[in-house]
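# Examining the three-dimensional arrangement
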Amino acid sequence: MVETIYRIPDAPRLALLADLHGQDYRLAVNSLKQHQPEIIAVAGDILSRFYLMEDKSPLDTQKRIMPFLCASAAIAPTYLSLGNHEHILDGADLKRIKETGVVVLDNSWIKCGKLVIGGLTSGFCLSYRAFKEFVDFGPDTSWLAEFAAVPGFHILLSHHPEYYPLIPEGIELILSGHAHGGQWRFLGKGVSAPGQGLFPKYTKGVYGRMVVSTGLANTARIPRLFNPTEIVYIN
Ligand SMILES: [Fe+2]
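## Section: the pattern of salt bridges
Evaluated as defined, the whole model comprises 5 salt bridges. Across the pair Asp24 and Arg26 runs a salt bridge, and its minimum N-O distance is 2.6 Å. Look at Arg26 and you get exposed, because its relative accessible area is 57%.

Printed below as a string of structure tokens:
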């Protein structure tokens, strides 16, 4: 895991974590303890879709999730938005996550001093809640204009970087993951990413108002190539 640092004018000192996918979180937590960010943004896919058992909560079958969230919340105020893998969480699971102290931003926002922090839920969660189908009919962007109109510096956690064109002006910083850096990276570009296909546009780095993390884990059957996992800091 590498630590990547970007400088964004007016932004708070924050950490961006994405795509933990239920894997070992100790390196990430040690890094957070060293850097002591003002806020921790977890931009989705803390879960893996594996280890699902019908009669058990995924928070019980994926045993690293709750300890990771507790550890993060003990370091700094932690905000979580829902990625595609979080479609398996139900209301009771989200309530348990909130009890760790982590703020769950499920198509919602919260004002903290000068910051207005929102979370744009993955379209996969919406379709799964409505139809039990794992497909992406797109996110619910209906609340974003109201969010953007609240005075302050707006940070939107949006797991899917391909949603970028849907996000209105007035949101200063968008934090994403999901692309896993394009899995293989050559000449600074990724090869393939979910939701973007071959030679994806948004895989790692700063794109205008959006910062994309390559994520903290690998869940694909093929290994990552020239594409280390990362934790992103914004100073
Ligand atoms: Fe994802």
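## Some remarks on the coordination of the iron ion
Each donor-metal-donor angle would ideally measure 109.5 degrees in four-coordinate tetrahedral geometry, or 90 or 180 degrees in six-coordinate octahedral geometry. Those donors, Asp45 (OD), Asn84 (OD1), His159 (NE2) and His178 (ND1), are the protein atoms that reach the iron ion, and they lie 2.0 to 2.2 Å from it. Around the iron ion sit 4 donor atoms; with metal-centred angles ranging over 89 to 172°, the donor geometry is irregular. When its relative accessible area of 0% is taken as the criterion, His159 is described as buried.

## Let's talk about a nonpolar patch on the surface
On the surface, Trp184, Phe186, Leu187, Ile222, Leu225 and Phe226 cluster together to form a nonpolar patch covering roughly 660 Å² of accessible area. Relative to the helices and strands, Leu187 resides in the loop between strand E10 (185-186) and strand E11 (189-190).

## Things to note about helix H5 (residues 123-131)
Taken together, the buried positions of H5 are Gly123, Phe124, Cys125 and Ser127. The residue sitting at the N-terminus of H5 and contributing the capping side-chain oxygen is Ser122; that oxygen lies 3.1 Å from the backbone nitrogen of Phe124. Directly beyond the C-terminal end of H5, a positive phi value near 55° is found at Lys132.

## Some details on the side chain of Asn84
Relative to the assigned elements, Asn84 resides in the loop between strand E4 (78-81) and helix H4 (91-98). Here His159 takes part through its side chain, which lies 3.0 Å from a polar atom of the side chain of Asn84. Those residues in contact with Asn84, other than ones at most four positions away along the chain, are Asp45, Ser122, Phe124, Phe134, His159, His160 and His178.

## Some thoughts on the packing of aromatic side chains
Within this structure, the stated rule accounts for 8 aromatic pairs. Relative to Phe68, the ring of Tyr25 has its centre 5.9 Å away and its plane inclined at 50°; by these criteria the two rings are tilted. Placement of Tyr25 in the loop between strand E2 (14-17) and helix H1 (26-35) and of Phe68 in helix H3 (residues 65-75) is noted, with a sequence separation of 43 residues between them. Accessibility classification places Tyr25 together with Phe68 in one group, the buried group. Within the aromatic cluster, the residues linked to one another by ring pairs are Trp109, Trp143 and Phe147.

## Observations concerning the sheet that holds strand E6 (residues 108-112)
Backbone hydrogen bonds hold the strands of a sheet together, and the pairing may be parallel or antiparallel. Here 6 strands make up an open sheet; going across it, the order is E6-E7-E8-E9-E15-E14 and the pairing mixed. If you trace the sheet from one side to the other, it starts and ends with E6 and strand E14 (205-207), each paired once. This sheet shows a mean twist of 20° between the axes of neighbouring strands, independent of strand direction. Where strand E9 (residues 173-176) meets strand E15 (residues 210-212), 3 bridges bridge the pair, whose relative direction is parallel. Considered in E15, the bridge of Ile174 is made with Met210.

What counts as what
Residues numbered from 1 in each chain as written. Predicted model: local features only at pLDDT ≥ 70, side-chain atom pairs only at ≥ 80, totals over all residues. Heavy atoms only, no water. Salt bridge = Lys/Arg side-chain N within 4 Å of Asp/Glu carboxyl O. Buried < 20%, exposed > 50% of the residue type's maximum accessible area, 1.4 Å probe, protein only. Donors = N, O, S within 2.8 Å, 3.2 Å for Na, K, Ca; no water. Tetrahedral: all angles 85-135°; square planar, octahedral: opposite > 155°, others 65-115°. Patch = residues over 30% accessible without salt bridge, like charges linked within 9 Å, V, L, I, M, F, W, Y side chains within 5 Å. Areas by Shrake-Rupley, 256 points an atom, 1.4 Å probe, with all protein chains shown as cover. Helix = DSSP H or I, 4+ residues; strand = E, 2+ residues; numbered from the N terminus. Polar contact = N/O pair within 3.5 Å; in protein donor to acceptor, adjacent residues only side chain to side chain. Contact = heavy atoms within 4.5 Å. Phe/Tyr/Trp six-rings, centres within 6.5 Å; stacked < 30°, edge-to-face > 60°. Pairing = 2+ DSSP bridges. Axes fitted to C-alpha atoms, helices over the stretch in contact; angles between N-to-C directions.

No statement about biological role is implied by the geometric values presented.
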